[in-house]
Amino acid sequence: YFNGVKCVLPVLALLLCSFTLNNSPFRDKEPDTSYNPQRIYTVDELREDISALRAKYERHNPNIYLYNSKNELDKYFDSLSNAIVSPMNDMQFYRMLGPITSRIKDAHTSIFPNENCEWWYGNQQFFIPLLITCNTGNIVTDLCASPDRTIPDGSEILSINGNPAEDILSKMRNYAPRDGHNQTRVNWVIN
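Before going into details, it helps to say that this report is about the structure given with it. Bear in mind that the values here come from a model prediction, so they are computed numbers and not experimental data.

Let us look at the overall build of the chain. Scanning the chain from N- to C-terminus turns up eight helices and five strands. The linear arrangement of helices and strands in the chain, starting from the amino end, is α-α-α-α-α-α-β-β-β-β-β-α-α. For the chain, the proportion of its 191 residues judged to be buried stands at 31%. Taking the contacts inside the chain whose residues are at least 6 apart along the sequence as the reference set, 56% of them involve residues at least 24 apart. With the model as given, the accessible surface of the chain reaches about 13,200 Å², and the carbon-plus-sulfur share is 56%.

Now the structure itself:
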């Protein structure tokens, strides 16, 4: 007890350590190297996944209707399901589902690719070797991590592969978890 309140700090610390160890990227679990990014899922499988996700949100998210009415979200989920007209791989499906996060506007409602997918893409040459800061439509380098350090720190990135910085940031914002209309967390996630 601490000032008449039962002290639960040791229990919380134990739970936190347990959670951290089980979910740590440094755990000894090896990724499934047989992951196939081109695996195709049928329309029925994808629609079943949307239905399961919808049911999970409705059962477990007490704020699901805080910023959207049930009718609005029903129409949104129905439109997602109806938009699946051909088979997809998991990254195509993720691109379709990811914006749910910005629709529900609850920072605890996030969608990520599965661990094996993240591992596979993380080991490809898709990442730009820069630490960046993004705000108000600008992408600025904080640190160039490439061996030749050809991009000076503090450089503004105007486009990537012909795509303007603002367009890139706009797309990224749709996938970033947020609390209501506050953009602070969105900017933090993007950075």
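Moving on, we get to the layout of surface pockets. Space left empty within the atom packing is revealed by a probe, the size of a water molecule, rolled over the atoms. When its volume is computed, the largest pocket comes out at roughly 1,500 Å³. Considering the residues around the largest pocket, the lining is formed by 27 residues, among which Tyr94, Phe126, Phe127, Ile168 and Met172 are closest to the centre. Those elements giving two or more residues to the lining of the largest pocket turn out to be α4 (90-97), α6 (115-122), β1 (130-135), α7 (165-173) and α8 (184-190). For the lining of the largest pocket, the element with the most residues is α7, which contributes four residues.

Throughout the structure, instances matching the rule amount to six salt bridges. Ionic pairing is found between Arg54 and Asp78, a salt bridge with its closest N-O pair at 2.8 Å. With a gap of 24 residues between them, Arg54 in helix α2 (residues 43-60) and Asp78 in helix α3 (residues 70-83) connect regions that are remote in the sequence. Judged by its relative accessible area of 19%, Arg54 falls in the buried class. Lys70 is paired through a salt bridge with Asp74; the nearest N and O atoms lie 3.1 Å apart. Residue Lys70 and its partner Asp74 are located together in helix α3, separated by four residues, close to a single helical turn. On the accessibility criterion, Lys70 (43% relative accessible area) is partly exposed. Judged by relative accessible area, Asp74 falls into the buried class, the value being 18%. Overlapping salt bridges, with partners in common, bring together Arg54, Glu58, Lys70, Asp74 and Asp78 in one network.

Right, let's talk about the side chain of Asn89 for a bit. Relative to the helices and strands, Asn89 is located in the loop between α3 and α4. In terms of polar contacts, Asn89 uses its side chain to reach the backbone amide nitrogen of Met91, at 3.0 Å. Setting aside chain neighbours within four positions, we find Asn89 in contact with Pro37, Gln38, Arg39, Ile40 and Tyr41.

The element α4 is extensively covered by neighbouring structure, given that six of its eight residues are classed as buried. The N-cap of α4, judged by a side-chain oxygen 3.0 Å from the amide nitrogen of Met91 a few residues on, is Asn89.

Here the focus is the pairing of β1. Pairing of β1 with strand β2 (residues 138-144), which is carried by six bridges, proceeds in the antiparallel orientation. Bridge pairing in β2 links Thr133 to Val140. In sequence, β1 turns back onto β2 through a hairpin of two residues, with Thr136 there showing a positive phi of about 40°.

Right, let's get into the sheet that holds strand β3 (residues 156-157). Spatial strand order, β1-β2-β3: three strands in an open sheet with antiparallel pairing. The open sheet has two free edges, formed respectively by β1 and β3, since each of these has just one partner strand.

Cut-offs and rules
Each chain has its residues counted from 1, following the order in which its sequence is written. Note on the predicted model: pLDDT of at least 70 is required for a residue's local features to be given, and 80 or more for side-chain atom pairs to be given and counted; whole-chain, interface and lining totals, by contrast, use all residues. The basis for the side-chain values is all heavy atoms of the structure; hydrogens and waters are excluded. A run of H or I in DSSP counts as a helix once it spans at least four residues, and a run of E counts as a strand once it spans at least two, with each numbered from the N terminus. A simple rule labels every residue: compare its accessible area, found with a 1.4 Å probe on the protein chains alone, to the largest value its type can have, and call it buried under 20%, exposed over 50%, or partly exposed in between. In what follows, residue pairs with any heavy atoms lying within 4.5 Å of each other are defined as contacts. Residue-level accessible areas treat just the shown protein chains as cover; the underlying method is Shrake-Rupley with a 1.4 Å probe. Definitions used for this entry: grid spacing 1 Å over protein atoms alone; cavity, a set of points where a 1.4 Å probe fits but cannot get out; pocket, an open set with protein on both sides within 12 Å along at least 5 of 7 lines; lining residue, one with an atom within 4 Å of a point. Grid points are joined across faces, edges and corners, and a volume is the space filled by probe spheres set on the points. Within this document, salt bridges are pairs made up of a side-chain nitrogen of Lys or Arg and a carboxyl oxygen of Asp or Glu, the two lying within 4 Å of each other. Nitrogen and oxygen atoms within 3.5 Å of one another constitute a polar contact, given that in protein one can donate a hydrogen and the other can accept it, and given that sequence-neighbouring residues count only through two side-chain atoms. Two strands make a pair as long as DSSP finds a minimum of two bridges between them.

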